[in-house]
Amino acid sequence: MTPILEVRDIHTFIGQFHILEGVSATVHTGGITVLLGRNGAGKTTTLRSIMGLTPPTRGSILLDGTPIHGKQAHTIAQMGVGYVPEHRAIFRSLTVLENLRLAERKKGDFAHQADFIFELFPDLKRLIELPGGNLSGGQQQMLAVARALVPENRLLLIDEPSEGLAPVIIEQLIAAIQRLSGQVSVLLVEQNFRVASKLGQNYVIIDSGHSALDGRMADLVKDQALIQRYLGVA
Amino acid sequence: MRSQRTSLIAIFVILIFLLGVALINSNSLGDFGITLLSGLFQGMLLFLVAAGMSIVFGLMDVLNMAQGSYFMVGAYVAFDVQHTGGLIDLTNIIPDPNFRFVVAVLAAVLVGAAFGYVLERFLLRSLYSRPIFQLVLTFGVSLVALELVKFIWTTTPYSWTELFGVRESFFELFGQRFSTYRLFVVGMGIALIVAIGLLLQRSRIGIIIRAGVEDREMVQALGIHVRSVFTLVFTLGCAIAAFGGAVAAPFLGASTTLGSGFLLQAIAVVVLGGMGSYAGTAVGSVLVGLAIAVAQDTAIGTSFAALPSITPMLLLVLVLLVRPSGLFGNSR
């Protein structure tokens, strides 16, 4: 499998703080790689660094072999990277339709993807005229993922999609993200190990700002000692 | 929901109070009509300064202290184009004063837009993460603009002498003569309120602006070049202020005090309406305009000559006591 994203030894500062001290990760085309780690390990900062929102000061990031480090967020997005941030970042005063239309990179993007999006998230169809701020947490999460699917993205960066959601909504999201597998590559940050292990084919563990371990998710699931050591779950 | 109700009640109470005082001050329905029209006229002029300020603040977190200067420059450019002997003398090329006024307004809008573009693109852009520096810069720009205006047009205030269609006509209502031009400005203001409202609600750029007011970073992460939108919005805001100055000039003339006077009132409008809220700015402009007109009537024959100039701030304090984030503002 060819890598769509290669993150090589990136270092990122937020103000004075050295948050990422050498993170490397690879996402294969059509696959789902999960970033794992304890709270504050640097998972969200890794996604933000890839997206150009908190640019790295050292290291390189390649998208399909093209360097994207140093580029601005809007350029990286235009190159085919979709971002679903932690806490969803839904525009509360905009309707569901406006939230989706905003993500169009060329006219007709939404019309082209509408059937697929509503098949994945049927609830959004009946909520289309409601302001984003009126949706429940689960509905907002679905909208956030749907928004990233409007343009033809090659890679999705999804941050903590299951956070704060009811189990039944989490199952719907898992099913939706699993359906994306093969069509679009995904780098997923997920604190919930059960969700992560269901979705990911590969994993990277980030520990105190650097990538400590990576490999196949199937192998990690069998290694309880490793899970306990790095993630604190058994 | 509850805060919305509080805002609506506050607007209703202020309106009833202002209309009540206006009615008490008036000797006839004609007087009452004049106060009302004068209030709407001043409100619309305030809106033209405050609209750009409010949208720019909402999207970019920049409080443009030079906004009043664009209003002043707009007035001077329009005056210059309309009259003989100015920098640009079009009286021979365009002898029809009506058509020349249209050109004068367009020239003012273009100059305002050009200066707005230069300020955002070359001065302000590097200071987005430094709010205090932005304030100092835009205040400095307003001083430079003032000196430039004095240098070009001197400090002598100009009264508009070149009359044209709507500026020289009057209409009668309840036995009183009303200037058609005031009505024209009110109409232009209302048209602009609707036009900007439609732009914000219906167009893609409007959706981007509304989204940017909430979360600029996410807009950028969706592939939209927010900096270009900043430039466009800032330029538009300055052009609207210059337009305001141009349409105000036939009534108020052109003077170096125009900018500072309107700036303070516009700040009161923007804060009173709720920082960054377009609807708040529109409603706030009407309320402050009416309040100033009522205060002007009340002050006649009394020793409270300063009442009209302090009224916007008094109203602001009252509103903030009830709604600390302004009538339509959020609590950020």
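Just so it is clear, the model here is predicted, and its values are computed rather than measured.

K.L.:
So what exactly am I meant to see when it comes to the overall build of chain A here?
P.N.:
Assigned secondary structure in chain A consists of 10 helices and 10 strands. For a compact globule of 234 residues, the expected C-alpha radius of gyration is about 17 Å, and chain A comes in at 17 Å, within 12% of that figure. Each principal axis of the C-alpha distribution contributes one length, and for chain A these read about 45 × 40 × 35 Å. Taken over 234 residues, chain A has a buried fraction of 56%. Accessible area for chain A stands at about 9,800 Å²; split by element, carbon and sulfur atoms hold 50% of it. The average position of the 22 basic charges and that of the 22 acidic charges among the side chains of chain A differ by 1 Å.

K.L.:
Please clarify how the overall build of chain B should be interpreted in this entry.
P.N.:
When helices and strands are counted, chain B shows 12 helices and 2 strands. Start at the N end of chain B and walk to the C end: the helices and strands fall as α-α-α-α-α-β-β-α-α-α-α-α-α-α. Radius of gyration (C-alpha) of chain B: 20 Å, near the 20 Å computed for a compact globule of 332 residues. If you line up chain B on its principal axes, its C-alpha atoms span 60 × 55 × 35 Å. Buried positions account for 53% of the 332 residues belonging to chain B. At a minimum sequence separation of 6, the contacts of chain B that also span at least 24 residues come to 76%.

K.L.:
Which parts of the structure should I look at to understand the interface of chain A and chain B?
P.N.:
Listed by partner, the interface residues are 23 residues for chain A and 17 residues for chain B. Buried surface at the junction of chain A and chain B, both sides included, amounts to about 1,700 Å², of which 58% is carbon and sulfur. When the area that chain A buries against chain B is broken down by residue, the three leading residues are A:H74, A:F91 and A:L102, summing to 35%. In this assembly, chain A and chain B are joined by 2 salt bridges. Ionic pairing is found between B:R210 and A:E98, a salt bridge with its closest N-O pair at 3.0 Å.

K.L.:
Can you walk me through the sheet that holds strand 5 (residues 66–67) of chain A in this structure?
P.N.:
Think of a sheet as strands paired side by side through backbone hydrogen bonds, with each pair either parallel or antiparallel. Residues and elements named next belong to chain A. If you walk across this open sheet you meet the 4 strands as 2-1-4-5, and the pairing is antiparallel. With partners counted over all chains shown, the strands left at the sheet margins are strand 2 (17–28) and strand 5, one partner each. Each of strand 1 (3–14), strand 2 and strand 4 (58–63) touches helix 1 (residues 43–51); the most contacted strand, strand 1, lies at about 110° to it.

K.L.:
Is there a simple way to explain the side chain of A:S49 in this structure?
P.N.:
Residue and element names in this part refer to chain A. Relative to the helices and strands, S49 is located in helix 1. For S49, a relative accessible area of 2% corresponds to the buried category. Look past the residues within four positions of S49 in its chain and what remains in contact with it is I10, T12, L20, T54, P56 and I61.

K.L.:
Which parts of the structure should I look at to understand the pairing of strand 2 (residues 176–179) of chain B?
P.N.:
Looking along a regular strand, one sees the side chains alternate between the two faces of the sheet. By the bridge criterion, 4 bridges tie strand 1 (residues 170–173) of chain B to strand 2 of chain B in an arrangement that is antiparallel. Across the sheet, residue B:L173 finds its bridge partner in strand 2 of chain B, namely B:Q176.

K.L.:
Quick question: what am I supposed to make of the confidence of the model for chain B here?
P.N.:
Close inspection of predicted coordinates is inappropriate for parts of the model with low pLDDT. Per-residue confidence for chain B gives a mean pLDDT of 90; residues scoring 70 or more make up 99%. On the interface metric, ipTM, the complex scores 0.93, and its pTM is 0.86.

K.L.:
I tried to follow the environment of A:A212 on my own but got confused; where do I start?
P.N.:
Residues and elements named next belong to chain A. Tracing the backbone shows A212 in strand 10 (residues 210–216). The class of A212 is partly exposed, set by a relative accessible area of 29%. Sequence separation between A212 and Y230 is 18 residues, and the spatial gap between their C-alpha atoms is 8.9 Å. Ignoring sequence-local partners within four residues, the contact set of A212 consists of I205, I206, D207 and Y230.

K.L.:
Would you mind going over the packing of aromatic side chains with me for this structure?
P.N.:
The relative placement of two aromatic rings is captured by the distance of their centres and the angle of their planes. All names here are of chain B. Tallying each qualifying case throughout the model produces 17 aromatic pairs over all chains. When the ring of Y128 is compared with that of F230, the centres are 5.1 Å apart and the planes differ by 70°; the resulting orientation is edge-to-face. Of the two residues, Y128 sits in the loop between helix 4 (97–124) and helix 5 (131–153) while F230 sits in helix 9 (residues 226–252), which places them 102 residues apart along the sequence. Chaining the aromatic ring pairs together yields one cluster made of Y76, F79, F101, W153, Y158, W160, F164, Y181 and F184. Directly above the ring of F133 sits R130, whose terminal nitrogen or CZ lies 5.1 Å from the centroid. Above the face of the F41 ring, R182 is positioned so that its terminal group lies 5.1 Å from the ring centre.

K.L.:
I tried to follow the environment of B:L127 on my own but got confused; where do I start?
P.N.:
All names here are of chain B. Locating L127 in the fold gives a position in the loop between helix 4 and helix 5. Distance from L127 to L137, taken between C-alpha atoms, is 9.0 Å for residues 10 residues apart in sequence. The residues contacting L127, other than those within four sequence positions of it, are F133, Q134 and L137.

K.L.:
Help me understand the sheet that holds strand 10 of chain A in this model?
P.N.:
Residue and element names in this part refer to chain A. One open sheet holds the 6 strands; their spatial order is 6-7-8-3-9-10, and the pairing between them is mixed. The outermost strands of the open sheet, each flanked by one partner alone, are strand 6 (81–84) and strand 10. Across this sheet, the average inter-strand angle for adjacent strands is 15°, counted without regard to direction. Bridge count for strand 6 against strand 7 (residues 155–159) is 4 bridges, and the pairing is parallel. The partner of Y83 across the bridge, within strand 7, is L157.

K.L.:
What exactly am I supposed to notice about helix 5 of chain B here?
P.N.:
For an α-helix, the turn length of 3.6 residues means that residues three or four places apart are oriented alike. Residues and elements named next belong to chain B. An ideal rise of 1.5 Å per residue puts 33 Å on 23 residues; helix 5 measures up with 33 Å between its terminal C-alpha atoms. All buried positions along helix 5 are accounted for by Q134, L137, T138, V141, S142, A145, V149 and W153. Buried positions along helix 5 lie against helix 3 (67–82) and helix 4. Once helix 5 ends, the next one or two residues include T154, with phi positive near 65°.

K.L.:
Explain the packing of helix 11 (residues 278–299) of chain B against helix 12 (residues 307–322) of chain B here, please?
P.N.:
Packed helices, taken two at a time, are described by their axes: the angle between them and the distance between them. Residue and element names in this part refer to chain B. Between helix 11 and helix 12, the least distance of the axes is 8 Å, while the angle of their chain directions is 140°. By the angle between their axes, helix 11 is oblique relative to helix 12. For the crossing formed where helix 11 meets helix 12, the hand is right-handed. For the pair helix 11 and helix 12, contact is made by L287, V288, A291, I292, A295, Q296, T298 and A299 and by L307, P308, T311, P312 and L315, respectively. Split by residue class, the contact of helix 11 with helix 12 holds 10 nonpolar, 3 polar and no charged.

K.L.:
Can you walk me through the pattern of salt bridges in this structure?
P.N.:
Residues and elements named next belong to chain B. Following the criterion strictly, the structure yields 14 salt bridges over all chains and no others. Taking the shortest distance from any N to any O, the salt bridge between D61 and R216 comes out at 2.9 Å. Linking D61 in the loop between helix 2 (29–60) and helix 3 with R216 in helix 8 (residues 216–221), this pair joins segments that are 155 residues apart in sequence. Residues E147 and K150 are paired through a salt bridge, measuring 3.5 Å at the closest nitrogen-oxygen approach. Taken together, the residues E147 and K150, both in helix 5 and 3 residues apart, mark about one turn of the helix. A relative accessible area of 28% places K150 in the partly exposed class.

Cut-off values and rules
- Residues numbered from 1 in each chain as written.
- Chains lettered and ligands numbered in written order.
- Predicted model: local features only at pLDDT ≥ 70, side-chain atom pairs only at ≥ 80, totals over all residues.
- Heavy atoms only, no water.
- Helix = DSSP H or I, 4+ residues; strand = E, 2+ residues; numbered from the N terminus.
- Rg over C-alpha atoms; globule rule 2.2 N^0.38 Å.
- Buried < 20%, exposed > 50% of the residue type's maximum accessible area, 1.4 Å probe, protein only.
- Areas by Shrake-Rupley, 256 points an atom, 1.4 Å probe, with all protein chains shown as cover.
- Lys, Arg positive; Asp, Glu negative; His and termini not counted.
- Charge placed at Lys NZ, Arg CZ, Asp CG, Glu CD.
- Contact = heavy atoms within 4.5 Å.
- Buried area = accessible area lost by both parts, 1.4 Å probe.
- Salt bridge = Lys/Arg side-chain N within 4 Å of Asp/Glu carboxyl O.
- Pairing = 2+ DSSP bridges.
- Axes fitted to C-alpha atoms, helices over the stretch in contact; angles between N-to-C directions.
- pLDDT = per-residue confidence, 0-100.
- Phe/Tyr/Trp six-rings, centres within 6.5 Å; stacked < 30°, edge-to-face > 60°.
- Lys NZ or Arg CZ within 6 Å of the ring centre and 35° of its normal.
- Expected span 1.5 Å × (residues − 1).
- Parallel < 35°, antiparallel > 145°, perpendicular 65-115°, else oblique.
- Left-handed = near helix turned anticlockwise from the far one by under 90°.
- Nonpolar A, V, L, I, M, F, W, Y, C, P; charged D, E, K, R; others polar.

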